[in-house]
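Observations on the model geometry
Letter by letter, the chains look like this.
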Amino acid sequence: ELLKSTELPLDNPIPEIIFDNKTFCFTGTFAFGSRKKCVEEITKHNGLFLSGVSKKIDFLVIGIYATDAWMHSSYGRKIEKAVELKSSGSNLKIVSEKVFVEALGYDMV
């Protein structure tokens, strides 16, 4: 059964993003820049990147341009997997691109 939603399953309250030795995964399209640019920023801040959602990741970051499509259909597979992991006790955090970019020290327009 596919999840249908009018909003994304973002963590609330918004968690503090710590980069040092934390592992990140991305889904969606980012206004901040390419996936490569996002990974470079994580690396600069001593963080790690994995391309898939698993128990090894600390943060799933959802790109701002993904939201519209999901409001009218199912979530992407990475979000479904992250929600499943959280419901089985994982400490994984799901955050928006805006929260991620601001944690890097940039303003999100």
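Structure's up top.
As the structure is a computational prediction, the values presented were derived from the model and not from experiment. (Residues numbered from 1 in each chain as written. Predicted model: local features only at pLDDT ≥ 70, side-chain atom pairs only at ≥ 80, totals over all residues. Heavy atoms only, no water.)

**As for helix α1 (residues 35-44)**
Of all the positions in α1, only Cys-38, Glu-41 and Ile-42 are classed as buried. Within α1, the buried residues cover an arc of 100 degrees as seen down the axis, which keeps them to one side. More than 90 degrees from the buried face of α1, the exposed residues found are Lys-36, Thr-43 and Lys-44. In the core, the buried residues of α1 are packed alongside β1 (23-27), β2 (48-49) and α4 (97-103). (Buried < 20%, exposed > 50% of the residue type's maximum accessible area, 1.4 Å probe, protein only. Helix = DSSP H or I, 4+ residues; strand = E, 2+ residues; numbered from the N terminus. Arc of directions from axis to C-beta. Contact = heavy atoms within 4.5 Å.)

**Section: unusual backbone geometry**
Cis geometry marks the peptide bond from Asn-12 to Pro-13; its omega dihedral reads 5 degrees. Within the element layout of this structure, Pro-13 appears in the segment before β1. Positioned with a positive phi, Asn-21 is a non-glycine residue whose angle comes to about 60 degrees. Within the secondary structure layout, Asn-21 lies in the segment before β1. Even without glycine at this site, Asn-46 takes up a positive phi of about 65 degrees. Mapping Asn-46 onto the fold places it in the loop between α1 and β2. Among the residues examined, Asn-46 registers a relative accessible area of 49% and is labelled partly exposed.

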